[in-house]
Amino acid sequence: MSNTAAHQHTGHHSFADPAPGPGIDRDAVAALADETLDWRFKAVPADAWGRTVRDWLATGPTLDSLGTPLLTLDAAALDHNLRTMAAWCREADVLLAPHGKTTMAPALWQAQLAAGAHAITLANLPQLRVARAFGVQRLLLANTLLDPAGLAWLAAELDRHPDFAFTSWVDSADSVHQMDAALRAAGAKRPVEVLVELGGPGGRTGARGIPAALDVAAAVDAAPTLRLAGVGGYEGALAHDASDRALATVRDYLRDLAELHRRLAPDYLTPTPVVTAGGSAYFDAVAEELTPLAEEFPGTKVVVRAGAYLAHDDGFYRGISPLARTTGATPLRSAMHGWARVVSHPEPQLALLDAGKRDLPFDEGLPEPQLVRGTGELTGAEVTALNDQHTFLRGAGENAPIGAVVRLGLSHPCTAFDKWNLIPVVDRADAQHPRVVDLVRTYF
């Protein structure tokens, strides 16, 4: 490959560069407290309507004042998870670019950045626009952006804001050619940093095999509007549990990704090339397999993209998180809970609750009943199905009479936050009368 002058640029921040300041517009995030509450937000009671978020919180609301169905976040657990993951990343010597699609909550992104996150990862163009509206300074798009109008918007953002650092994935020469054409048509002045995405058999996107990935890199080198900045991919598309076979598949993939980086290292036009992998299930393997690259090729930055760690869960991630299955590790805590009221008891061992698929996640496991508010732990019961607006609770009997409010443990935060545009944060979900200490605004 050739180091063409067309690829060189100075005076702009690269994705891997350290950024001055908080990495997000704190004033824009703070202004969310001035939003007026009304019927748009199903989590807040009608007596909050007409007040701003700040004014309503000043009244000292408690969980008892909120209706059902409801999703809440636990402030103590959020803080624990922030500190735990930040400490793990420091010890593992990796950068963290948490996947912001999990929450789409600028206030939580700000907390992650303040705790030491390097950047925010996102998945599509609308999410990028939300992030830029809140001044997020460093963004990783774990996807390929081909929409010409979107590329024109991106080019304008990069050209207007020298401190905005961005990188995205490409996995084919066709993608490279289309991006280059769209950026040329938009009159882009600043090259867009891209990472060659390596996939795997039966996986999601990504070039299938190192030879195909090298062809993609060659196409990037020939495109004056693009700049090769590293390699990346998603091992979570190749495995779905922590069995020996799954972990071996993940490590084989990561070793291929490392080899791709070795093959491309002489051709990078940045002193800080990026190697990125790691969702919330296998970030330990990512660190073990990829961090040695920084010794082989000084300047290499290994970036993990775990996003579910902040809320964690009482289901899928509780079982597969490296911090749950590694001896001696500090485990994460579930920071999200559902709350639903018994509205029908048509059979002795069947209760129907007023939350359903429109309110709670269900794609990676059904909710688990944990306690009845004001009564105590609920044992021997299970959720067997969810309809759009109802939960089927079996085995609770007289412990869940009509009118009782049940706390539910949830699985998979990535499909929980999107059902709520405003989420109450309580001080501690285990308290007898949890206090509402914040409201988190989401933008899906």
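The structure displayed is predicted, hence computed values, not measured ones. (Residues numbered from 1 in each chain as written. Predicted model: local features only at pLDDT ≥ 70, side-chain atom pairs only at ≥ 80, totals over all residues. Heavy atoms only, no water.)

### Comments concerning the confidence of the model for the protein
Going by this rule: Known as pLDDT, the predictor's per-residue confidence is scaled from 0 to 100. By the convention used here, residues are in contact when the closest approach between their heavy atoms is within 4.5 Å.
When pLDDT is averaged across the protein, the result is 95; 97% of the residues are at 70 or more. Considering only residues more than four positions removed or in separate chains, one finds that residues 1-10, a stretch of pLDDT under 50, has 23 contacts.

### What about the pairing of strand β1 (residues 70-74)?
This is how it is decided: Relative accessibility thresholds used throughout: buried, under 20% of the residue-type maximum; exposed, over 50%; partly exposed, between the two (1.4 Å probe, protein chains only). Going along the chain from the N terminus, every DSSP run of H or I of four or more residues is numbered as a helix, and every run of E of two or more is numbered as a strand. Here, a strand pair is defined by DSSP locating no fewer than two bridges between the strands.
Across the five residues of β1, five count as buried, placing the element largely inside the fold. Here β1 shows no split at all, with Leu70, Thr72 and Asp74 on one side and Leu71 and Leu73 on the other all buried. In terms of strand pairing, β1 meets strand β10 (residues 336-347) through four bridges, oriented antiparallel. Within β10, the residue paired with Leu70 across the bridge is Trp339.

### What about unusual backbone geometry?
Excluding glycine, residues mostly have negative phi values, and the peptide bonds linking residues are mostly trans. The amide bond that connects Thr68 to the next residue, Pro69, takes the cis arrangement and shows omega of 0°. By the element assignment, Pro69 lies in the loop between α2 (53-57) and β1. You will see that Asp93, though not glycine, has its phi angle at about 60°, which is positive. If you trace the backbone, Asp93 turns up in the loop between α3 (75-92) and β2 (95-96). Here the phi dihedral of His412 falls at roughly 80°; this positive angle occurs in a residue that is not glycine. Structurally, His412 can be placed in the loop between β16 (405-409) and β17 (422-426).

### Brief notes about the packing of aromatic side chains
Rule in force here: Two aromatic rings, drawn from Phe, Tyr or Trp (for Trp, its six-membered ring), form a pair once their centres lie within 6.5 Å of each other, and the interplanar angle then sorts them: stacked below 30 degrees, edge-to-face above 60, tilted otherwise.
One pass over the full model with this rule turns up four aromatic pairs. Centroid distance Phe164 to Phe166: 6.2 Å. Interplanar angle 55°. Geometry classified as tilted. A single burial state applies to Phe164 and to Phe166, both of which are buried. With 4.9 Å between their ring centres and 75° between their planes, Phe316 and Tyr317 make a pair best called edge-to-face.

### Some points on the environment of Gln389
Inspection of the secondary structure puts Gln389 in the loop between β14 (382-386) and β15 (391-394). Through-space distance from the C-alpha of Gln389 to that of Pro69 is 9.1 Å; in sequence the pair is 320 residues apart. For Gln389, the contacting residues outside a window of four places in its chain are Leu353, Asp354, Ala355, Gly356, Arg358 and Asp359.

### As for the packing of helix α5 (residues 125-133) against helix α6 (residues 148-160)
Note the cut-off: For helices, the fitted line uses only the C-alpha atoms of the stretch in contact; every axis is such a line through C-alpha atoms, and the angle between N-to-C directions lies from 0 to 180 degrees. Should an angle lie under 35 degrees it is considered roughly parallel, over 145 roughly antiparallel, and from 65 to 115 roughly perpendicular; all remaining angles are considered oblique. What makes a crossing left-handed is the near helix being turned counterclockwise from the far one by less than a right angle; a clockwise turn instead makes it right-handed. Note on residue classes: Ala, Val, Leu, Ile, Met, Phe, Trp, Tyr, Cys and Pro are nonpolar, Asp, Glu, Lys and Arg are charged, and everything else, Gly too, is polar.
Put simply, α5 and α6 touch, their axes get as near as 11 Å, and they point 25° apart. Between α5 and α6, the interaxial angle falls into the category roughly parallel. Between α5 and α6 lies a crossing whose hand is left-handed. Of the residues in α6, those touching α5 at Leu125, Leu128, Arg129 and Arg132 are Gly150, Trp153 and Glu157. By residue class, the composition of the contact of α5 with α6 is three nonpolar, one polar and three charged.

### Some points on helix α4 (residues 106-114)
Our working rule: Directions drawn from the helix axis to the C-beta atoms are what define this arc.
For α4, every residue scored as buried is listed here: Pro106, Leu108, Trp109, Gln112 and Leu113. One side of α4 holds all its buried residues, which, seen down the axis, span an arc of 160°. Among the residues trailing α4, Gly116 stands out with phi positive, at a value near 120°.

### Structural notes on the packing of helix α8 (residues 210-221) against helix α9 (residues 244-264)
Following both chains from N to C, one finds α8 and α9 inclined at 40°, their axes separated by 10 Å at the closest point. Here α8 is positioned oblique relative to α9, judged by the angle of their axes. Relative to α9, the crossing made by α8 is right-handed. Residues Ile210, Ala213, Leu214 and Ala217 of α8 lie in contact with α9, whose contacting residues are Asp256, Glu259, Leu260, Arg263 and Leu264. Its residues assigned to classes, the contact of α8 with α9 comprises six nonpolar, no polar and three charged.

### Observations concerning the sheet that holds strand β8 (residues 274-277)
Here eight strands make up an open sheet; going across it, the order is β2-β9-β8-β7-β6-β5-β4-β3 and the pairing parallel. Each edge of the open sheet carries a strand with a single partner, namely β2 and β3 (120-122). Inspection of the sheet shows β3 paired to strand β4 (residues 138-141) by three bridges, in the parallel sense. Across the sheet, Thr121 pairs through a bridge with Leu140, a residue of β4. Packed onto the sheet, α5 meets β3, β4 and β5 (165-170) and runs at close to 175° relative to β4.

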